[in-house]
Each structure stands twice: as structure tokens, then as C-alpha cells.
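# Tertiary structure, described
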Amino acid sequence: MARSFADARRWAREGTALFLGAAAGLTEAEYDAASLLPGWTRKHLVAHVAANAEALGNLVHWAATGEETPMYASPEARAAGIERGSRMSGPELGEWLARSAATLQASMDELTEGQWQSEVVTAQGRTVAATEVPWMRSREVMVHAVDLDRGVAFADLPDDFLQALITDITAKRGLDAAALPAGPPPEVAAWLAGRPHALTGAPPLGPWL
């Protein structure tokens, strides 16, 4: 499915609200419980999403000013930030999550049409227009809202987002779209993302994102 810039902006807002809602009210014990991502607690996951907002904010700053500001200083710095966040208290982590999300949204809202066309470089080394940032954010908050294991499932994500996600992951994994297992879009998206699914006979895929 072709996605528009307006779609991505909407999904980023909706996904942020979904993730913040899923994370709201977590106790310390619940924060320390396992997420659906192997080896990560919910604290790791929330720290990752908060740090991602700041990293994407660097790309927005790049687009707004022309000053080269990579998402992360290095892969090691990215991992260290997540680990540091996993040791925060629940209230500290929740405040970082909310603050970083609000700051990213405000900075995106301030970009002009021309600035959105500026080229930036992702953490994977891809050169893209800044218009990719909302799509990158929407994937993070939507998929990781499921990973929090707080009652959000792929079936709760917007249908048009799921179709765009399926198209995106299929291309990134180098798969033939015509050969994908048949099934409801939420299950196909979950399978492609390497998450638990209910498809029969689908070969296992490693986690994506």
C-alpha cells in the first residue's frame, strides 16, 4: 500500500498516544517485568522509545537548520542510553517518555514544507527526506505498543497502517509479496515483524525493529 506524508503524520500521533496510554500507570514491578522482546524488560522498551524520540528529533533539527546531527553518536551510545534508562525509576522513565514525545511532536509541527524535503541520514545510513521521520516514528510507537504486553495487539492498530507496514517490511526483508502467507493483515504484519502470530505454516522470522 502506498502511504502519504499525511498518513504518516497521523499514524505518528495516534501511535504515540497508544504507546503512552499502554505505558501509563505501570508500577515498578510491572516496569521490571518482561516485554515481548527477548531480553528486554518494559523499562528497556520504554527507554528505547523515549530515546528514539530524541534521536528522531536530531533529524528534525538537521532538517530545520542544515546542521548535521546524527540520530545517535554511535551504536554503543544508543545501547548505553537504553541501558541507562532501564535503571531509572518508573516515574523518571515515564516523565522522559512523555517529554521526549511532546518535544518531537512540537519540533515536527514547526518544520516548513521546504524543510521537510531536506535530506537526513538514518541510523542505518540511509539518506532520506525528512518526510520519512513521521513514518519511522509511527512504526516505533505502534509496534512497540504491542511489545509492551499491556493489552494492545496488532489487531488494534489502524488497518491502513498495517497495510503500509506489511508493504514496508516485505520490501526490507526482500520477500516476494505474492508469496506471503494468506491471513488477516494483523497476523501477517505480526509474522513479518517477527512477533507472535496465528498464521499456520509460516516460516519463522527474526525480530524486526
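Everything that follows concerns the structure shown earlier in this document.
Let me sum up the structure you'll find in this document. For clarity, every value in this text was computed on a predicted model and none was experimentally measured. Position labels on residues start from 1 in each chain and follow its written sequence. The model is predicted, so local features are restricted to residues of pLDDT at least 70 and side-chain atom pairs to those at 80 or more, both for listing and for counting; the totals for chains, interfaces and linings are taken over all residues. Computation of side-chain values covers all heavy atoms of the structure but excludes hydrogens and water.

We now examine the packing of aromatic side chains. The pairing test for Phe, Tyr and Trp rings, Trp by its six-membered ring, is centres within 6.5 Å, and the orientation test on the planes gives stacked under 30 degrees, edge-to-face over 60, and tilted for anything in between. Counted according to the given criterion, the structure contains four aromatic pairs. Ring geometry for Trp135 against Phe161: centres 5.7 Å apart, planes inclined by 55°, an arrangement best described as tilted. Pair noted here: Trp135 is in helix α7 (residues 133-147) and Phe161 is in helix α8 (residues 159-172), with a separation of 26 residues, a long-range link. You'll find Trp135 and Phe161 in the same group, each marked buried. Three or more aromatic residues link up through ring pairs in this structure, and these residues are Trp11, Trp135 and Phe161. If you follow Arg78 out to its NZ or CZ, it ends over the ring of Tyr72, 5.7 Å from the centre. Only DSSP runs of H or I reaching four residues or more are called helices, and only runs of E reaching two or more are called strands; each is numbered from the N terminus. Each residue is placed in one exposure class: buried if its accessible area under a 1.4 Å probe, protein chains only, is under 20% of its type's maximum, exposed if it is over 50%, and partly exposed if it falls in between. Working rule: Lys NZ or Arg CZ, within 6 Å of ring centre, within 35 degrees of ring normal, means a charge sits over the ring.

With that settled, consider the environment of Ala12. Secondary-structure assignment places Ala12 in helix α1 (residues 5-23). In this structure Ala12 comes out as buried when scored by relative accessible area, which is 1%. Taking the C-alpha atoms as reference, Ala12 lies 24 Å from Pro91; in sequence the two are 79 residues apart. Discounting chain neighbours no more than four positions away, the residues touching Ala12 are Pro134, Arg137, Ser138 and Val141. Contacts were defined at the residue level, with two residues in contact if any of their heavy atoms lie within 4.5 Å.

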